[in-house]
Amino acid sequence: MTGDADRLGAGRYVAPAHLPDGSRTTAHELATHDGATVNGLLRVIPGATTVAFLMHPRQDFSHHVLVPELLTRGFAVWTQGARSLGNDLTLLHEQALLDMAAGHVFLRDLGFEHVVAIGHSGGATLAAFYLQQAGRAPAARLDSTPGGKPVPLPSAVMPPADGLIMFAPHPGQGALLQRMIDPSLIDETDPLSVAPDLDPYNPANGFAEPPESSTYPPDFVERYRQAQRARIERIDAAAWERVTDARDAKKRFKAHGDPRDRRASLARGVIVVHRTDADLRSVDLSLDPNDRPYGSLFGRRPDLTNYGVLGFGRLTTPEAWLSTWSANATRADLAACAPDVNVPALLVELTGDQACFPADATRFAELLPHPDVTHVRVPGRHFGAPLREGMASGATLAGKEMAHWIGARFPAGAFVSA
């Protein structure tokens, strides 16, 4: 296990799936309120009355590292995908809420007494966004995306969870991208274009040869972060322009029936975003210090991976950019949603996290309004790998904390299957 974690480095951690005796797994296809189809896996052990609900807006959680940890401690586990699984191109967070609602309806209909939403990484923001909307009167829920696409949340059945667990929660896809986007890019069509005075890999700005930690002076850090915000705003402007042009063309088509307007309403194109693995904290470990290793979520050499094809928000429609990746337009922002999440909550911070830093975890826990909020720290990396070779994995340590927290609040009873 530690060997796999070492090879994966800063990337995904794969834990062995030792499932308890008597457990059974069933696959289910669910229809959402707006007619989409989503899939999930339900793992049940005899006597389980509380189910953990794991979902992410983009990632496949079918074999998440927490699944065996929770099953072996007596809880059923439901892992579900969104309609945009593995696809940034058309990810609309408002639609993902309808996907999550289908899962909650399914689990309640099965007869589980308690449902605990577990959000890992970006899944924490999705769960908080869902609980925010589920807690509102139907008429007060959102009815469209930021780009104006109708989303029928007001008429959807949205059962709330009984509790929320956030595991290595980052601030949301948009806020995270604003931290990671490279502001030194000059030309959005040229991935090699660089402004030297903002280049995070320019020794003159404080960069050191890897794996030595860089040291960026405070004035550079401030200029860099201001430039990151400015680049997001420029992409926002392009997205809004395309959305507005398409909307105007659709209105003209409805008024006059000209097929050229219909084509224009559909030809919104896609937004290509280069260089999105450039958080200064990946290479300067003195910034927001914790136990993290050198490198980013995508690899040990951000000065190289930043120029590759991997990264957040690299290819999206204008609507998906505004709904998910724009720090200014998205509603899926953990700091904005947390104050409306009024259920018992546990936040598990990993001390070697490269996306959720200590100040983040403290702030998110403080924003949750319920009187029963617990914040714990365990050694580990963002995806649940061990912090160092020979140590227990972060997933195992987190699983123990989660099991204790759930068991103290949601006692077992007789499980009734539909």
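All of these numbers come straight from a predicted model, not from anything done at the bench. (Residues numbered from 1 in each chain as written. Predicted model: local features only at pLDDT ≥ 70, side-chain atom pairs only at ≥ 80, totals over all residues. Heavy atoms only, no water.)

(A) Quick peek at the overall build of the protein chain. Counting secondary structure elements, the protein chain contains 12 helices and 10 strands. Projecting the C-alpha coordinates of the protein chain onto the three principal axes gives extents of approximately 65 × 65 × 35 Å. The buried share of the protein chain, reckoned over its 418 residues, is 57%. Considering only residue pairs separated by 6 or more positions, the protein chain has 77% of its internal contacts joining residues 24 or more positions apart. Of the charged side chains in the protein chain, 40 are positive and 47 negative, and the gap between their average positions amounts to 4 Å. (Helix = DSSP H or I, 4+ residues; strand = E, 2+ residues; numbered from the N terminus. Buried < 20%, exposed > 50% of the residue type's maximum accessible area, 1.4 Å probe, protein only. Contact = heavy atoms within 4.5 Å. Lys, Arg positive; Asp, Glu negative; His and termini not counted. Charge placed at Lys NZ, Arg CZ, Asp CG, Glu CD.)

(B) Region of interest: the layout of surface pockets. In this structure, the second largest pocket encloses a volume near 330 Å³. Forming the boundary of the second largest pocket are 14 residues, of which Gly148, Lys149, Arg247, Lys250 and Arg268 lie nearest the centre. Broken down by secondary-structure element, the contributors of at least two residues to the lining of the second largest pocket are helix H6 (218–256) and helix H7 (259–266). Among the residues making up the lining of the second largest pocket, the classes are represented as three nonpolar, three polar and eight charged. (1 Å grid on protein atoms, 1.4 Å probe; cavity = no way out; pocket = protein on both sides within 12 Å on 5 of 7 lines; lining within 4 Å. Points joined across faces, edges and corners; volume = space filled by probe spheres on them. Nonpolar A, V, L, I, M, F, W, Y, C, P; charged D, E, K, R; others polar.)

(C) Seen up close, the nonpolar core. Counting 79 residues, the largest nonpolar core has Leu42, Leu107, Ile118, Leu164 and Met402 as its most contacted members. With nine residues, helix H3 (residues 93–110) is the single largest residue contributor to this core. Ignoring any residue separated from it by four or fewer positions in sequence, one finds Leu164 in contact with Val116, Ala117, Ala127, Leu131, Val341, Val343, Pro344, Ala345, Leu346 and Trp405. Core analysis: the second largest hydrophobic core is formed by 18 residues, Ile181, Val243, Ile271 and Ala329 among them. (Core = buried A, V, L, I, M, F, W, Y, C linked by side-chain atoms within 4.5 Å.)

(D) Focus on the sheet that holds strand S2 (residues 37–44). Spatial ordering of the open sheet is given by S1-S2-S4-S3-S5-S6-S9-S10, a layout of eight strands whose pairing is mixed. The outermost strands of the open sheet, each flanked by one partner alone, are strand S1 (24–31) and strand S10 (373–378). Across this sheet, the average inter-strand angle for adjacent strands is 20 degrees, counted without regard to direction. Where strand S3 (residues 50–55) and strand S5 (residues 114–120) come together, five bridges link them in parallel fashion. Bridge pairing in S5 places Thr50 opposite His114. Packing against the sheet, H3 makes contact with S1, S2, S3, strand S4 (76–80) and S5, and its axis sits at approximately 165 degrees to S3. (Pairing = 2+ DSSP bridges. Axes fitted to C-alpha atoms, helices over the stretch in contact; angles between N-to-C directions.)

(E) Summary view of the environment of Met55. By the element assignment, Met55 lies in strand S3. Taking relative accessible area as the criterion, Met55 reaches 1% and is therefore assigned buried. Spatially, the C-alpha atoms of Met55 and Asn306 are 27 Å apart, while their sequence positions differ by 251 residues. Ignoring any residue separated from it by four or fewer positions in sequence, one finds Met55 in contact with Phe61, Gln80, Gly81, Ala82, Ala96, Asp99, Met100, Ile118, Gly123 and Leu126.

(F) Seen up close, the state of the cysteines. In this structure the tally under the stated criterion is zero disulfides. Among the cysteines around Cys337, which has no disulfide bond, Cys356 carries the closest sulfur, lying 16 Å off. For Cys337, a relative accessible area of 0% gives the class buried. (Disulfide = S-S within 2.5 Å.)

(G) Molecular detail of the environment of Gly163. When you line up the elements, Gly163 lands in strand S6 (residues 163–167). As for Gly163 and Phe410, which are separated by 247 residues in sequence, their C-alpha atoms are 9.2 Å apart. With sequence-adjacent residues up to four places away left out, Gly163 is seen in contact with Val115, Val116, Ala117, Val343, Pro344, Trp405 and Phe410.

(H) A look at empty space enclosed by the protein. Tallying each qualifying case throughout the model produces one cavity of 30 Å³ or more. Put simply, the largest cavity is a space of about 30 Å³. Around the largest cavity sit Pro200, Tyr201, Tyr216, Asp277, Ala278, Asp279, Leu280, Val283 and Pro302, which together line it. Here the residues of the lining of the largest cavity sort into seven nonpolar, no polar and two charged.

(I) Representation of the packing of aromatic side chains within the structure. All told, the structure shown has seven aromatic pairs when counted by the stated rule. Taken together, Tyr216, Phe220 and Tyr224 form an aromatic cluster joined through their ring pairs. (Phe/Tyr/Trp six-rings, centres within 6.5 Å; stacked < 30°, edge-to-face > 60°.)

As far as function goes, none of this settles anything; it's purely spatial.
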